[in-house]
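Fold and geometry: a report
Residue strings, one per chain:
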Amino acid sequence: MADLPERVDHRHLRASDADRERVAEVLRTSAAEGRLGLDELDERLRAVYAARTYADLEPLLADLPAPSTAVSLEGVPPRPGETPEKSGAVAVMSGFSRRGAWVPPRLFSCLAFWGGGTIDLRDARFRYGELKIRAVAVMGGVEVIVPDDAEVHVTGTGVMGGFDHGATSVGRPGAPRIVVTGLAFWGGVTVRRKARRAKDLDD
């Protein structure tokens, strides 16, 4: 009987483009939460896209509070045509957008540094009773668009910048609760109420 080949250590398996993108997303979220500086984020992202195996990727997440199997992270199962939840976004001299049919997580952290971002919740399907958005704008801007029937609490701070509290209001009974917090430094965070564009998104 022929000898069976030894089982290959998964760390030596080749990483796919999708694996690299998932690790990059964890790093961007960590930067938005203040766990990584912008220089370190840039350094680690360069290492991510140069990685060939899982062994190359794992050290980049070793000191972050993420599962060691982050290369196979899964979000809330989406409906057809719906974007799975993502826990954050970063715009450094660029932009980001979360809009359309998507599933927000319990906490969404974002950073706009010399850039801008839009978080549009009008067509979102809320899987949790409360969504907390932590927005940091440094010489940049973040726009948050909330459904006009939502309960909204804005608690962020502006330092030589603006953090709009005008959307704070009680919503209809049973509507999602949205808390927007963070910091605007030489930048701005705007929260606006707009009518929903789709129906029955909370079902």
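Up top you'll find the structure we're talking about.
In this report, the structure presented in the accompanying data block is examined. Counting restarts for each chain, with residues numbered from 1 along the sequence as it is written. Local features in this predicted model are restricted to residues whose pLDDT is 70 or higher, and side-chain atom pairs enter the listing and the counts only when it is 80 or higher, whereas totals over whole chains, interfaces and linings include all residues. Side-chain descriptors were evaluated using all non-hydrogen atoms of the structure, hydrogens and water having been removed beforehand.

Attention shifts here to the sheet that holds strand β11 (residues 188–194). The pairing criterion is simple: DSSP has to find at least two bridges between the two strands. Counting from the N terminus, the helices are DSSP H or I runs at least four residues long and the strands are E runs at least two residues long. Within the open sheet, the five strands sit side by side as β2-β4-β6-β11-β9. Their pairing is parallel. The open sheet terminates on both sides in strands that have one partner only, identified here as β2 (95–98) and β9 (162–163). As judged from the four bridges shared by β2 and strand β4 (residues 116–120), these two strands associate in the parallel manner. Of the residues in β4, the one forming a bridge with glycine 95 is glycine 116.

Here we come to the packing of aromatic side chains. Aromatic rings from Phe, Tyr and Trp, taking only the six-membered ring of Trp, are treated as a pair when their centres fall within 6.5 Å; an angle between ring planes under 30 degrees marks them as stacked, one over 60 as edge-to-face, and anything in between as tilted. Taken as a whole and judged by the stated rule, the model has three aromatic pairs. With 5.9 Å between their ring centres and 5 degrees between their planes, phenylalanine 113 and tryptophan 114 make a pair best called stacked. According to the relative accessible area criterion, phenylalanine 113 is partly exposed, its value standing at 22%. Relative accessibility decides the category of a residue: with a 1.4 Å probe and only protein chains considered, values under 20% of the type maximum give buried, values over 50% give exposed, and everything between is partly exposed. What makes tryptophan 114 partly exposed here is its relative accessible area of 49%.

Should a side-chain nitrogen of Lys or Arg be within 4 Å of a carboxyl oxygen of Asp or Glu, the pair is scored as a salt bridge. The final tally for this structure, using the stated rule, is nine salt bridges. Between glutamate 40 and arginine 44 there is a salt bridge, and its shortest N-O distance comes to 2.8 Å. On the criterion of helical spacing, the pair formed by glutamate 40 and arginine 44 is a turn pair, its members being four residues apart in helix α2 (residues 38–50). Note on arginine 44: relative accessible area 9%, which makes it buried. Across the pair arginine 44 and aspartate 63 runs a salt bridge, and its minimum N-O distance is 2.9 Å. Of the two residues, arginine 44 sits in helix α2 while aspartate 63 sits in the loop between α3 (54–57) and β1 (88–92), which places them 19 residues apart along the sequence. Overall, the relative accessible area of 53% leaves aspartate 63 in the exposed class. Connected through salt bridges with shared partners, the residues Glu40, Arg44 and Asp63 form a single ionic network.

Looking now at the layout of surface pockets. In this structure, the second largest pocket encloses a volume near 160 Å³. What lines the second largest pocket is simply Arg28, Leu38, Asp39, Leu41, Asp42, Leu45, Val90, Ala91, Val92 and Ser94. Mapped by element, the contributors of at least two residues to the lining of the second largest pocket are α2 and β1. For the lining of the second largest pocket, the element with the highest residue contribution is α2, accounting for five residues. Of the residues assigned to the lining of the second largest pocket, the class counts are six nonpolar, one polar and three charged. Cavities and pockets were defined on a 1 Å grid built over protein atoms only: a cavity is a set of grid points that admits a 1.4 Å probe from which the probe cannot escape, a pocket is an open set flanked by protein on both sides within 12 Å along at least five of seven lines, and lining residues are those with an atom within 4 Å of any such point. Grid points are joined across faces, edges and corners, and a volume is the space filled by probe spheres set on the points. For this scheme, ten residues count as nonpolar: Ala, Val, Leu, Ile, Met, Phe, Trp, Tyr, Cys and Pro. Four count as charged, namely Asp, Glu, Lys and Arg, and the remainder, Gly too, count as polar.

Take the pairing of strand β7 (residues 151–154) next. The alternating pattern of β7 places Val152 and Val154 on a buried face, while none of Glu151 and His153, on the opposite face, is buried. By the bridge criterion, four bridges tie β7 to strand β10 (residues 177–185) in an arrangement that is parallel. Its bridge partner lying in β10, histidine 153 is registered against valine 179.

A few words now on the nonpolar core. Counting residues in hydrophobic clusters, the biggest one holds 28 residues, and the most contacted among them are Ile119, Leu121, Ile133 and Val142. Looking at this core, the elements that each hand over two or more residues are β1, β3 (107–113), β5 (130–138), β6 (141–147), β7, β10 and β11. Should any heavy atoms of two residues lie within 4.5 Å, those residues are counted as being in contact. Sequence-distant contacts of valine 142, that is, excluding residues within four places in its chain, are made with Cys110, Ala112, Gly117, Ile119, Ala135, Val136, Ala137, Gly188, Val189 and Thr190. Of all hydrophobic cores here, the second largest spans 21 residues; its members include Leu36, Leu41, Val90 and Val138. Take the buried Ala, Val, Leu, Ile, Met, Phe, Trp, Tyr and Cys residues and link them wherever side-chain atoms come within 4.5 Å; each set so joined is a nonpolar core.

Distances and angles like these do not, on their own, reveal function.
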